[in-house]
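Reading the structure
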Amino acid sequence: MACLAGGNLFTFNFSIAMYTFFKKLVLFLVIVISSDRILGWCMKELYFSQKTGQFADITYAIDSARQDIIIFGSSRAYHHYSTSILSQQLSRTCYNTGMDAQMIPFSCAMQEAILSRYQPELIIFDISPWEINEGSEKYEKLAALSPYITHHPELLKYTDLIGPWENFKLNSKVYPYNSSLFISLYNTIAVDENKSANGYVPLTRVMSGKEMLLNKVKIDAEAKKEQEQQKKYDQQAIQLYKDFLNRVDSAGIKTFVVISPALYKSTFNQETIEKLKSITNTHIMVTFLDFSLDPVFIEKPDLFSDIFHLNKKGAEIFTGKIVPYFKDVHPNRKELYSNNSSETL
Amino acid sequence: MLFNSFSFVIFYILITTAYFVFPHKYRWLILLSGSCYFYMAFVPVYILILGFTIVIDYIAGISIENSVGRKRKALLIISLVANIGILAVFKYYNFLNDNLGILLGNFNQENPIPYLHILLPIGLSFHTFQAMSYTIEVYRGNQKAERHFGIYSLYVMFYPQLVAGPIERPQNILPQMHAKHTFSYVNMVSGLKLMLWGFFKKLVVADRLSLYVDSVFNHSSFHNGTSVAIAAVFFAVQIYCDFSGYSDIAIGCARTMGFDLMKNFKRPYFSKSIKEFWSRWHISLSTWFRDYLYIPMGGNRVSPLKRYFNLLVVFLLSGIWHGANYTFIIWGFLHGLFLVFGQLLKPVTQRIQPERGLKKTIYNAGSMILTLTLVTLSWIFFRAASVDDALQLLSNLKTFGAVPFTGGLNNFAHCLLAIFLLFAIEYKMEFLPHKYNLFYHPRIWVRYASLTAMIFIIILFGVFSGGQFIYFQF
């Protein structure tokens, strides 16, 4: 078979070998695409049948959560804010959308998905200083949103941040469930005793004093190493942070940006905290609370599960401590906050 | 441009299609333009360095061929100095300068030589060595000087092996660049299958393991001995899959266009000695050092003492080739030492080696485990950011047995699955080469089912965050 694509330059023989190859390639592609649809359907059924675990919590937060108080953030939000204490003491329903290994972009995506359905009365946004440092991990983790893009197109702009071809890859029906099979199977088959309480999962482990001292030396060494390097901020993450605050301002939702307690007293992050605070202070509905140097928690290993996370006892003390700040929640909060407030404990 | 990026998929389809659509006389131009684009996708300006070495070596090749006696040798030396000079400036200048600074600092003197703020061009050591092999072979009379500047440029820049090898010899690849390749169904299909296997190694194994490895190696002081041991084993598998995965993609990609690149890996972790390991690991580099350094130094024809010395020198240089850091130098030196010890112990090992039966199987398994252990220990130096970090990690091994860091059970489970799949497939390839060849099974449905399964294993379990290949930095 000969194919002439114009002039001598492009004359070439479409050989039998090519014909055979393309014929088999088409057949193979049909098999692959069909398999993708079938396997993708199975993965979707498995994924959305989970009743417990982080995936089920994301699904609930995106599709169903309608609580008065919504908490956003990383693992430090996930493990630091007891929803039952907040609910009891504020007499309002509460849901924690914090998620392990996630950072600002994920919080923004969750916020946008939730605000597209309803407006909570109060938002708590737990942020850690390192979330605005340079690093691509915070965007790679957005792949957790992939299973939802078919019914939440507003999330596409976030999955697009993962990489230039990410949304094209999502044409595959299996790809959104990449790396999720083991967790989905576990949560479907096994009985999960650690079911979250409205998105909150306390950590039960207690650090020892020895462990704290040992890690302090290491942390100091790492901090020294990092201090030697020039700190670079992720401008995209900063913009996402501003977008988050702009959205609550426009919606008139009272919001608290909180830096939760740290185990070690460190001044290393102060520059970043100041930067976050200065951004926050330009938003009328937002209050900035910094607990990073709170003496109640500094060097108290019995309140921590590891060097970054409070344990159950620590989380309950911390939640109890911040409740008074949220007490005056009411729908017309916007007028009360005519002066930007920023508080550091 | 990374092989494990979607941009590459588009690029590959366009270039391969154009390659077969255009007549033979224009194909070098298609490949050369594609290779320039491929290289410039990293740091565009560094194409000038490549251009410089190409011009130097092209002229040197023709001049060497036209010369005799001392002039011939002088021209070779000029070409080698130019190549090594570029390597020295871009790769070793700052390292040497830092060391000079430390040395002068000991005498309370300031180092007057400025630090160069330059990025290391991607794959510099690879294409420099490939270019050097050309002038050396022309000098030795094993290869005719290439008169076609475009073809010579393509020899250095051929995109599948431009940034991480295999480091080709001109005798193998230059004639192929002149030859007219017709579309071959067999080459196309086997090339694509090899690429698929390479993608599995890179995306499912290497990039998955890197998540754990990076967590441990980047925070050396935080991890106990068990975590360090796991990370070291994971890194051994990671670097093998990262690099051999790249080689498989490169070889497969070239094969689809009718080019036959040299084999770079032969399942090295089944080696029963360090010597065997080096005949299976990065074959194109180890044979380069053998042909252009070890044999000219006397090879095996010299006294044992001189031979041991030569081995140490070659492996030290191999370490330096990998990077301007003492970690690589120590890594190379360790391998040199292992080889010397291997040779010293040869009479003993030959005497105790059982000839057949179960004892031989046990002996071989023991030898493989010992070799793997030595290689894995040396990888700690290779992967660590500094010698201090490597020593810290080694000292952490004292706490072996403590509860290890998992880096998330989900990721750890994926790591174990990846290693299991890799081991199962490589074991079959090594010990049952003629059985269960699912990709080449006579029944079409078995072939299609296994290929489809491999694609979905990659989609479901692969890591798609576009991690760079480790060997690009060299």
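Below you will find a few notes about this structure. (Residues numbered from 1 in each chain as written. Chains lettered and ligands numbered in written order. Predicted model: local features only at pLDDT ≥ 70, side-chain atom pairs only at ≥ 80, totals over all residues. Heavy atoms only, no water.)

1. Observations concerning the interface of chain B and chain A
How big an interface is tends to be stated in terms of accessible area lost as the parts join. The following threshold applies: Pairs of residues are marked as contacts when any of their non-hydrogen atoms sit within 4.5 Å. Summed over both partners, the accessible surface that disappears when two parts come together, traced with a 1.4 Å probe, is what is meant by buried area. The salt bridge definition used is simple: a Lys or Arg side-chain nitrogen within 4 Å of an Asp or Glu carboxyl oxygen. Secondary structure counts use DSSP, requiring at least four H or I residues in a row for a helix and at least two E residues in a row for a strand, with both numbered from the N terminus.
Facing the 36 residues of chain B at the interface are 38 residues of chain A. Around 3,300 Å² of area is buried between chain B and chain A when both sides are counted, 73% of it from carbon and sulfur atoms. Of all residues in chain B, B:Phe222, B:Tyr448 and B:Leu460 give up the largest surface area on contact with chain A, accounting jointly for 20% of the area buried on that side. Seen at the junction of chain B and chain A, the total is zero salt bridges. Going through the elements one at a time, helix 1 (6–21), helix 8 (185–217), helix 17 (409–431) and helix 18 (444–461) of chain B are the ones with two or more residues in the side of chain B that touches chain A. When residues in the side of chain B that touches chain A are grouped by element, the largest group, 10 residues, is from helix 18 of chain B.

2. Points about the packing of helix 1 (residues 16–48) of chain A against helix 8 of chain B
Operational definition: Fitted lines through C-alpha atoms serve as axes, helices being fitted only where they are in contact, and the angles separating the N-to-C directions of these axes extend from 0 to 180 degrees. When residues are grouped by polarity, Ala, Val, Leu, Ile, Met, Phe, Trp, Tyr, Cys and Pro land in nonpolar, Asp, Glu, Lys and Arg in charged, and all others, Gly among them, in polar.
At their nearest, the axes of helix 1 of chain A and helix 8 of chain B sit 9 Å apart, and the two run at 35° to each other. On the side of helix 1 of chain A, the interface is formed by A:Ala17, A:Thr20, A:Phe21 and A:Lys24, while helix 8 of chain B contributes B:Tyr185, B:Met188, B:Val189 and B:Leu192. Its residues placed into classes, the contact of helix 1 of chain A with helix 8 of chain B shows six nonpolar, one polar and one charged.

3. Topic: empty space enclosed by the protein
All names here are of chain B. Convention followed: Definitions used throughout: a 1 Å grid over protein atoms alone; a cavity as a set of points that fits a 1.4 Å probe which cannot get out; a pocket as an open set with protein on both sides within 12 Å along at least five of seven lines; a lining residue as one with an atom within 4 Å of a point. Grid points are joined across faces, edges and corners, and a volume is the space filled by probe spheres set on the points.
On inspection of all chains with the given rule, the structure shows one cavity of 30 Å³ or more. By volume, the largest cavity is sized at about 40 Å³. Lining the largest cavity are Phe126, His127, Gln130, Val156, Gln161, Leu162, Gly165, Pro166 and Ile167. Top element by residues in the lining of the largest cavity is helix 5 (residues 124–140). It accounts for three residues. For the lining of the largest cavity, the residue count by class is five nonpolar, four polar and no charged.

4. Quick look at the pattern of salt bridges
All names here are of chain B. The condition that has to hold: The cut-offs for exposure are 20% and 50% of the maximum accessible area for each residue type, with area from a 1.4 Å probe on protein chains only; residues under the lower value are buried, those over the upper are exposed, and the others partly exposed.
Counted according to the given criterion, the structure contains 21 salt bridges over all chains. As a salt-bridge pair, Asp291 and Arg169 come within 3.8 Å of each other at their nearest N and O atoms. A residue pair is termed long-range when its members are at least 10 positions apart, and Asp291 in helix 11 (residues 283–294) and Arg169 in the loop between helix 6 (149–157) and helix 7 (170–178) qualify at 122 residues. Given a relative accessible area of 10%, Arg169 falls into the buried group. Within the structure, one salt-bridge network assembled from shared partners comprises Arg267, Glu276, Arg280 and Glu430.

5. Observations regarding unusual backbone geometry
Residue and element names in this part refer to chain B. With phi around 45°, Arg267 is a residue other than glycine that occupies positive phi space. Locating Arg267 in the fold gives a position in the loop between helix 9 (225–256) and helix 10 (274–280). Of note, the phi angle at His282 is positive, near 40°, even though the residue is not glycine. Along the chain, His282 falls in the loop between helix 10 and helix 11. For His282, a relative accessible area of 1% translates into the label buried.

6. Focus on the pairing of strand 7 (residues 286–290) of chain A
Residue and element names in this part refer to chain A. For the record, the criterion: Any two strands are treated as partners once DSSP identifies two or more bridges connecting them.
The element strand 7 is largely enclosed, with a buried count of five among its five residues. Here strand 7 shows two buried faces, one formed by Val286, Phe288 and Asp290 and the other by Thr287 and Leu289. Relative to strand 7, strand 6 (residues 254–259) runs parallel, the two sharing five bridges. Directly across from Ile259, in strand 7, lies its bridge partner Asp290.

7. Re the packing of aromatic side chains
Residue and element names in this part refer to chain B. Which entries qualify depends on this criterion: Pairing of aromatic rings covers Phe, Tyr and Trp, the last through its six-membered ring, and needs centres within 6.5 Å; plane angles under 30 degrees mean stacked, over 60 mean edge-to-face, and all others mean tilted. Geometrically, a charge over a ring is one whose NZ (Lys) or CZ (Arg) sits within 6 Å of the ring centre while staying within 35 degrees of the ring normal.
Per the counting criterion, the structure on display carries 84 aromatic pairs over all chains. On the numbers, 5.3 Å between centres and 85° between planes, the contact of Phe270 with Phe431 is edge-to-face. A residue pair is termed long-range when its members are at least 10 positions apart, and Phe270 in the loop between helix 9 and helix 10 and Phe431 in helix 17 qualify at 161 residues. Overall, the relative accessible area of 9% leaves Phe270 in the buried class. A cation over an aromatic ring shows up here: Lys91 above the ring of Trp321, its NZ or CZ 5.5 Å from the ring centre.

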